[in-house]
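Here's the letter readout for the chains.
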Amino acid sequence: MHCVYLSLGSNRGWRKRNLMRAVSLIGERLGTVVKQSSILETAPVGFTSRHKFLNMCLELQTNLSPEKLLEGCEQIERDLGRTQKSVNGNYHDRRIDIDILRYDDLQMDTPRLTLPHPRMNERDFVMIPLREICSEP
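Residues numbered from 1 in each chain as written. Predicted model: local features only at pLDDT ≥ 70, side-chain atom pairs only at ≥ 80, totals over all residues. Heavy atoms only, no water.

Taken as a whole, helix α3 (residues 124-133) has its buried residues at Phe125, Val126, Met127, Pro129, Leu130 and Ile133. Elements in contact with the buried residues of α3: β1 (2-10), β2 (32-36), β3 (40-42), β4 (53-62) and β5 (97-103). (Buried < 20%, exposed > 50% of the residue type's maximum accessible area, 1.4 Å probe, protein only. Helix = DSSP H or I, 4+ residues; strand = E, 2+ residues; numbered from the N terminus. Contact = heavy atoms within 4.5 Å.)

Mapped onto the elements, Asn18 comes out in helix α1 (residues 15-29). From its side chain, Asn18 meets the backbone oxygen of Arg95 in a polar contact 3.2 Å long. Beyond its immediate sequence surroundings of up to four residues, Asn18 is in contact with Ser10, Arg12, Gly13, Leu80, Arg95 and Ile96. (Polar contact = N/O pair within 3.5 Å; in protein donor to acceptor, adjacent residues only side chain to side chain.)

Now for the pattern of salt bridges. Overall, the coordinates contain six salt bridges when judged by the stated rule. Notably, a salt bridge pairs Lys35 with Glu59, separated by 3.9 Å at the nearest N-O pair. Here the residue Lys35 occupies a position in strand β2, and Glu59 occupies one in strand β4, the gap between them amounting to 24 residues. Assessed through its relative accessible area of 39%, Lys35 is described here as partly exposed. The exposure class assigned to Glu59 is buried, which follows from its relative accessible area of 8%. In this structure, Arg102 and Asp105 form a salt bridge, with 3.6 Å as the shortest nitrogen-oxygen distance. Of the residues examined, Arg102 reaches a relative accessible area of 16% and is grouped as buried. Since its relative accessible area comes to 68%, Asp105 is described here as exposed. (Salt bridge = Lys/Arg side-chain N within 4 Å of Asp/Glu carboxyl O.)

Grouped together as the largest cluster of nonpolar side chains are 25 residues, with contacts concentrated most on Leu6, Leu8, Ile26, Leu69, Ile76, Ile98 and Ile100. With five residues, the single largest contributor to this core is α1. Not counting residues up to four positions away in its chain, the partners in contact with Leu6 are Ile26, Met56, Cys57, Leu58, Leu60, Cys73, Ile98, Asp99, Ile100 and Leu101. If you look at the next biggest cluster of nonpolar residues, it comprises 10 residues, including Cys57, Met120, Ile133 and Cys134. (Core = buried A, V, L, I, M, F, W, Y, C linked by side-chain atoms within 4.5 Å.)

This part takes up the packing of α1 against helix α2 (residues 66-79). Describing two packed helices takes the angle between their axes plus the distance from one axis to the other. Where α1 contacts α2, the two axes come as close as 10 Å, and the packing angle between them is 140 degrees. In this view, α1 runs oblique relative to α2, as classed from their interaxial angle. Helix-helix and strand crossings are classified by hand; for α1 and α2 the assignment is right-handed. Along its contact with α1, which presents Ala22, Leu25, Ile26 and Arg29, the element α2 presents Gln75, Ile76 and Asp79. Taken together, the residues of the contact of α1 with α2 sort by class into four nonpolar, one polar and two charged. (Axes fitted to C-alpha atoms, helices over the stretch in contact; angles between N-to-C directions. Parallel < 35°, antiparallel > 145°, perpendicular 65-115°, else oblique. Left-handed = near helix turned anticlockwise from the far one by under 90°. Nonpolar A, V, L, I, M, F, W, Y, C, P; charged D, E, K, R; others polar.)

Here the focus is the confidence of the model for the protein. Taken as a whole, the protein shows an average pLDDT of 90; of its residues, 91% reach a score of 70 or greater. Considering each helix and strand of the protein separately, the mean pLDDT is smallest for β3, with a value of 93, and largest for α1, with 98. (pLDDT = per-residue confidence, 0-100.)

Set out below in structure tokens:
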């Protein structure tokens, strides 16, 4: 089993319901949710919107490879109504966003996935809930 940390965010629709549905689907499809942080409300980062985000983090135990985990996260995003991904730093409102923060102690950099997440330490909306569930973020 691999220890993975995920960040979830939502700023459109029923934000809390979006997060809880994502947590449920992650547990059903991707592995065992071991811990989940409390939910933090934050202003958007990297773009302007009148819609605030709800953010949280999860600790997940999974047998999936990093690539299969990414595919599963992206499928859950689509199933919950996400229609476009952020590309080249162009961010937008979204029903759900799921990011892989850490996967064991693995370091990788491919066109589709960089681990650990390259900007997580710059983002309080990630680090505050991550510290709540992980003693060594």
